[in-house]
Amino acid sequence: ATCDWGDASDTLKREAQFPISLITKATRIRIEEAEASVKLDKNTILNYIRGKKTNLSATPPDDDPEYAIINDAVASTFSRAYATLQAACQNKDNDVWTTTIKSMSKNTKTDAMNFDFRAGKGWDDLTDEKAGELMRHLPLYIEELRIDNSSHGTLLIDG
């Protein structure tokens, strides 16, 4: 966030206040399955997402390619958060890690990503294998990547 001035530790402190279970859940969002207090509101939102603005109250289909665009945008934004990446790294279920980094790779934000792998900074469970996977799944559009205090050597470069 702009308020963090590009400092990953500030970002991590801010993100740590957000419940990790909600962040993790957001990485698997499916807008078409969302609940609305009024059914008509859900129809309106989904039809608007689909670009079908002539009859917003019509019942939308269960599946539409436009839903995936929104799902990927939301999920990848949450997946890119340092707290999310660290929680996925620490999770004993490797599928959580894989899902998170694959989602992160779809992110289109262009701002920098800064990683501080110093012991005690949340990355203690990052194995050499996961470090390589992390590098291979970085979003394509980041303008700057900074890696500090890594013990993973060329794996981060070769990623």
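Above this text you will find the structure in question.
Computed from a predicted model, the values in this text were never measured in an experiment. (Residues numbered from 1 in each chain as written. Predicted model: local features only at pLDDT ≥ 70, side-chain atom pairs only at ≥ 80, totals over all residues. Heavy atoms only, no water.)

A.B. asks: Can you tell me about the packing of aromatic side chains, naming the residues and giving the values?
C.D. replies: Where two aromatic rings form a pair, the distance of their centres and the angle of their planes describe that pair. Overall, the coordinates contain 4 aromatic pairs when judged by the stated rule. Ring centres 5.7 Å apart and planes at 70 degrees place the aromatic pair F115 and W123 in the edge-to-face group. Each ring, one from F117 and one from W123, has its centre 5.3 Å from the other, and the planes form 75 degrees; the classification is edge-to-face. The pair formed by F117 and W123 is uniform in burial state, with each residue classed as buried. One aromatic cluster in this structure is built from Y82, F115, F117 and W123. Positioned over the ring face of Y48 is K53, at 4.7 Å from the centre of the ring. (Phe/Tyr/Trp six-rings, centres within 6.5 Å; stacked < 30°, edge-to-face > 60°. Buried < 20%, exposed > 50% of the residue type's maximum accessible area, 1.4 Å probe, protein only. Lys NZ or Arg CZ within 6 Å of the ring centre and 35° of its normal.)

A.B. asks: Residue-level account of the layout of surface pockets, with values.
C.D. replies: Approximately 210 Å³ is the volume attributed to the second largest pocket. Around the second largest pocket sit 17 residues that line it, and I29, N71, D72, A75 and K106 are the ones nearest its centre. When residues of the lining of the second largest pocket are traced back to their parent elements, those giving at least two are α4 (65-79) and α6 (94-104). Examining the composition of the lining of the second largest pocket, we find that 6 residues originate from one element, α4, more than from any other. In terms of residue class, the lining of the second largest pocket is built from 4 nonpolar, 5 polar and 8 charged. (1 Å grid on protein atoms, 1.4 Å probe; cavity = no way out; pocket = protein on both sides within 12 Å on 5 of 7 lines; lining within 4 Å. Points joined across faces, edges and corners; volume = space filled by probe spheres on them. Helix = DSSP H or I, 4+ residues; strand = E, 2+ residues; numbered from the N terminus. Nonpolar A, V, L, I, M, F, W, Y, C, P; charged D, E, K, R; others polar.)

Nothing here speaks to function; it is all geometry.
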